[in-house]
Amino acid sequence: MNDKTIEFLKQIFREFYYKNSSKISAPIRMNEREFGYMSFDKVMIRHLSFQTEGELRVFLVKEVPHSVYYSCAYYHEPTLSMDEKGWKGADLIFDIDADAIPTNCKEEHDKWVCKDCNFMGKGKRPENCPKCGSTKIDEENWVCSSCLDATKNEAIKLIDFLLEDFGISKDKIKVHFSGSRGYHVTVEESSLEGLDQLARNEISDYISGMGLSLESLGISKGASYDDMRRSLPSINEPGWRGRIASFFTKLEFEGYDETSKDIKDKILYAYGKMGYKGFEDFAKEIVNKLSANIDVMVTTDIHRIFRLPNTLHGNTGMLKKKCDDLTSFDPLTDAVVLNDETVKLFVDKAPKFTLKGNSFGPYNSEKVILPLFASVYLVGKGLAKVINSD
Ligand SMILES: [Zn+2]
Ligand SMILES: [Zn+2]
């Protein structure tokens, strides 16, 4: 990104923070948290602290960061080095990122290119270049509304786990669109605040359905059907057993007589047809569907810094925005907060995209005039630069 482009983005961000200063609210227990930011020159600054909301607002207008972060952790001394901060506890946080969720549209809009031999392909990048074997592979990932819908779906599943299986009350769970590729879910002021990394690892394994065995569902090799029938799950059981039993109510198996209302009969019928190995694979598929695809690294990191709500994402110009009603939330409209003043751009390459209900592109090495929100979206991603208006 050249100086002029950086200046352009900084000017837009500064104006936004200046005009919307009153909407920047401090996280709870702000003075116990570490703050950090990335500048537009991509320098990361950490170990900051703010005492008042006013201080935070002034900082945003003055520094105009590319991205602003705050710690999920509470410290005695947030500005000291990591080992001296004195960890007191941390919010339980979850990150769901479109990158990690397989969607068919990725085959269309994601590309990769080998930096050694220039061989390229569509979809998810391979570990090694299929032509020369190099591991130096550049990715060009895009995120479309289908990717974001799939991501939202994972967030909905996650919230259900938090409410139903962990008994966390709804008012303690906050959901935000990240401003770019996914959703952040934060649990504040709960009894889970003091949990260490290992305990958080168990929570994320549970939500990801890791290590769920057939035995825990009551299926074991060599056991009689009568024995298994006694230990199979029923639909009103809590946790994974109940979730899987409920899922079976929606399934249809050829030749199965639906007159029995007991779900255990249906599970045993499926088991009888598939055998142990077949049923094991089938159960894995079910777990895959029902689990939430969270980033385990984020949840288990008790010192993590997380994007600050109501701030702009430097790669998109979109807001990290609270989703009051997740089901109806449309990130590509609801998180678009910049105005529609026109900007002259040179776009290197961009696929067709939709923002705020308007379609743009595709563009290929061309001059275009776009509204500010779409311009920052492309410039922030490094796909376009601003050209002189004179
Ligand atoms: Zn190659
Ligand atoms: Zn997509």
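Rules of the game
Residues numbered from 1 in each chain as written. Chains lettered and ligands numbered in written order. Predicted model: local features only at pLDDT ≥ 70, side-chain atom pairs only at ≥ 80, totals over all residues. Pairing = 2+ DSSP bridges. Helix = DSSP H or I, 4+ residues; strand = E, 2+ residues; numbered from the N terminus. Axes fitted to C-alpha atoms, helices over the stretch in contact; angles between N-to-C directions. Domains from an automatic or database assignment. Buried ≥ 20, exposed ≤ 12 C-beta atoms within 10 Å, placed from the backbone. Contact = placed C-beta atoms within 7 Å. Core = buried A, V, L, I, M, F, W, Y, C linked by C-beta atoms within 7 Å. Parallel < 35°, antiparallel > 145°, perpendicular 65-115°, else oblique. Left-handed = near helix turned anticlockwise from the far one by under 90°.

Here's the deal with the sheet that holds strand β1 (residues 35-38)
Spatial ordering of the open sheet is given by β2-β1-β3-β12, a layout of 4 strands whose pairing is antiparallel. Lying at the two open borders of the sheet, with one neighbouring strand each, are β2 (44-48) and β12 (305-307). In this sheet, neighbouring strand axes are inclined to one another by 25° on average, regardless of whether the strands run parallel or antiparallel. Sheet topology places β1 next to strand β3 (residues 67-71); 4 bridges connect them, and they run antiparallel. The residue of β3 that forms the bridge with F35 is Y70.

Some details on the domain arrangement of the protein chain
Domain assignment breaks the protein chain into domain 1 (3-96 + 172-204 + 296-337), domain 2 (106-140) and domain 3 (215-290). One C-alpha centre belongs to domain 1, the other to domain 3; they are set 42 Å apart.

Quick look at the environment of G314
With respect to the helices and strands, the residue G314 is situated in the loop between β12 and β13 (321-322). Since 24 C-beta atoms lie within 10 Å of it, G314 is described here as buried. Taking C-alpha positions, G314 is 9.4 Å from K10, a pair spaced 304 residues apart along the chain. With residues near it in sequence (within four places) discarded, G314 still touches F40, H66, S67 and G380.

A word on the nonpolar core
Where a protein is soluble and globular, its nonpolar side chains tend to be buried together. One finds F13, Y69, L158, F373, V376 and L378 to be the most contacted residues of the largest nonpolar core, which totals 63 residues. Among the elements that take part in this core, helix α11 (residues 372-380) stands out by supplying 6 residues, more than any other. When residues no more than four places from it in sequence are discounted, the contact partners of L158 are F94, I96, V185, I207, A292 and I294.

Some remarks on the packing of helix α1 (residues 3-19) against α11
Packed helix pairs are characterised by how far apart their axes lie and by the angle those axes make with each other. Running from N to C, α1 and α11 point in directions that differ by 135°, and their axes come no closer than 11 Å. As far as their axial angle goes, α11 and α1 are oblique. In the packing of α1 onto α11, the handedness of the crossing is left-handed. In contact with T5, F8, L9 and I12 of α1, α11 contributes L372, V376, V379 and G380.

Details of the pairing of β3
A large share of β3 lies buried, amounting to 5 of its 5 residues. Residues of β3 alternate between two faces, with S67, Y69 and S71 on one and V68 and Y70 on the opposite face, all of them buried. Two strands pair when backbone bridges link them, and β3 and β12 are joined in this way by 3 bridges, in the antiparallel orientation. Its bridge partner lying in β12, Y69 is registered against R307.

Some details on the environment of F16
In this fold, F16 is placed in helix α1. With 22 C-beta atoms packed within 10 Å, F16 lands in the buried category. For the pair F16 and L198, spaced 182 residues apart in sequence, the C-alpha to C-alpha distance is 41 Å.

Observations regarding the sheet that holds strand β11 (residues 182-187)
Reading across the sheet, the 4 strands line up as β6-β11-β10-β13 and stay open at both edges, with antiparallel pairing between neighbours. Looking along the sheet, the strands with just one partner apiece sit at the ends: β6 (92-97) and β13. In the packing of helix α4 (residues 145-165) onto the sheet, contacts are made with β6, β10 (173-177) and β11, and the angle to β11 comes to roughly 15°.

Observations concerning helix α7 (residues 239-249)
Listed as buried for α7 are R243, I244 and A245. Buried positions along α7 lie against α8 (263-290).

A look at α11
Burial analysis of α11 places 8 of its 9 residues in the buried class, which makes it a mostly covered element. All of the buried residues in α11 are F373, A374, S375, V376, Y377, L378, V379 and G380. Next to the buried residues of α11 lie α1, β14 (342-350), β15 (353-355), β16 (358-360), β17 (363-371) and β18 (384-386). Following α11 by one or two positions, G382 adopts a phi angle in the positive range, close to 80°.

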